[in-house]
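Overview (structure and organization)
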Amino acid sequence: MTSPLRVSAAVADALADGRPVVALESTIISHGLPRPRNLEAAREFEEILRSRGVTAATIAVLDGVPRIGLDAEGVERIASEDMAKASVRDLPILSAKRISGATTVAATAYLASKAGVRVFATGGLGGVHRGAGQTFDESADLSALAISPVAVVSAGVKSVLDIGATLERLETLSVPVIGYRTTNFPSFWLRDSGHTIDWSVDSAAEIAEVMHSQDALGHGQGIVVANPIPLDQQWDPDEHDRVLAQAFAAAEAAGVHGKAVTPFLLGFIVDASGGKSLEVNLDIARNNVRLAADIAIAWSERAS
Ligand code: PSU
Ligand code: MN
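Conventions we followed
Residues numbered from 1 in each chain as written. Chains lettered and ligands numbered in written order. Predicted model: local features only at pLDDT ≥ 70, side-chain atom pairs only at ≥ 80, totals over all residues. Helix = DSSP H or I, 4+ residues; strand = E, 2+ residues; numbered from the N terminus. Rg over C-alpha atoms; globule rule 2.2 N^0.38 Å. Buried ≥ 20, exposed ≤ 12 C-beta atoms within 10 Å, placed from the backbone. Contact = placed C-beta atoms within 7 Å.

1. A short note on the overall build of the protein
Counting its secondary structure elements, the protein contains 13 helices and 13 strands. At 18 Å, the protein has a C-alpha radius of gyration in line with the 19 Å of a compact globule built from 304 residues. Along the first, second and third principal axes, the C-alpha atoms of the protein reach 50 × 45 × 35 Å. Looking at the protein as a whole, 52% of its 304 residues qualify as buried. Sequence separation of at least 24 residues holds for 75% of the intrachain contacts in the protein that already meet a minimum separation of 6.

2. Some details on the environment of Lys-158
Relative to the elements of secondary structure, Lys-158 occurs in the loop between strand 8 (151-154) and helix 9 (163-172). When the C-alpha atoms of Lys-158 and Leu-125 are compared, they prove to be 7.6 Å apart, with 33 residues separating the residues in sequence. Those residues in contact with Lys-158 that sit more than four places away from it in its chain are Gly-124, Ser-187 and Phe-188.

3. Observations concerning unusual backbone geometry
Note the cis peptide between Arg-35 and Pro-36, where omega equals 0°. Along the chain, the position of Pro-36 falls in the loop between helix 2 (27-32) and helix 3 (37-51). Phi at Arg-98 is positive, roughly 55°, even though this residue is not glycine. By secondary structure assignment, the location of Arg-98 is in the loop between helix 5 (91-97) and strand 6 (101-103). A residue is classified by how many C-beta atoms lie within 10 Å of it, and Arg-98, with 11 of them, is exposed. You will see that Ser-174, though not glycine, has its phi angle at about 60°, which is positive. Structurally, Ser-174 is set in the loop between helix 9 and strand 9 (177-180).

Dropping the structure here:
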């Protein structure tokens, strides 16, 4: 059977030559950022990688085909079309129906690992939702990382989630969580969630070393690399707390549930903060793309 994935020529060549590649997700573009800033952002993330000599592998499903690396038209499509939000379990359905989907962290990590891309940059990871004890709402991002050997650089998980429970689940799933130059787990817009983690590293090379050790041990998990936003770029903590409280109240009043919860909260927060959360959001993603580039470079040097 031939592979159902379509790897772009640029990504395939880079992988064959052992050059650095970084995967990027499409749900953040399609459902996580407002138009038209989302298209600018998608292009900018790819450009940050290119300027460092790293090949961008933006991942999405277009007309049923999982694509690893998009051309300019593909990037425009994920930013402008109303696409399904696609997690791992949606992939076979999109494929059979030949429809398009923007891939979450879960589906992106899964597809990246199948294509041999080992480093992935995103903004924030999905996790355990507040109230999950009743709703069982836990993002498949966590379970996908248990089966996808990819180092995912994020600024932790948003404080809209239950961060303590998310860290517990990552422990259960045997997914390493490593702070980049910190043992304070970040909460996306803020540097410190109040939760500490066991391990930190000081360099991209050290993360590549952990990836190598993980392979040598025969582990198949990914790695969560937690990269806090620089202090002078973080959101004002008081405004953050105030807007989040409003967002929860609005979600409750609107009766939003399931996979609509994350996009609802993110959209509400952008509006209620007068766009401030969006600027911080973009700084976070850029910062993560830069660190992912460094890790991919270290990985390609380590592997060659
Ligand atoms: N967190 C963010 N921004 C996002 C998402 C999460 O700060 O855009 C997106 C990611 O694509 C993530 C998905 O994989 O939401 C998680 O959604 P859910 O909780 O429905 O699994
Ligand atoms: Mn969910």
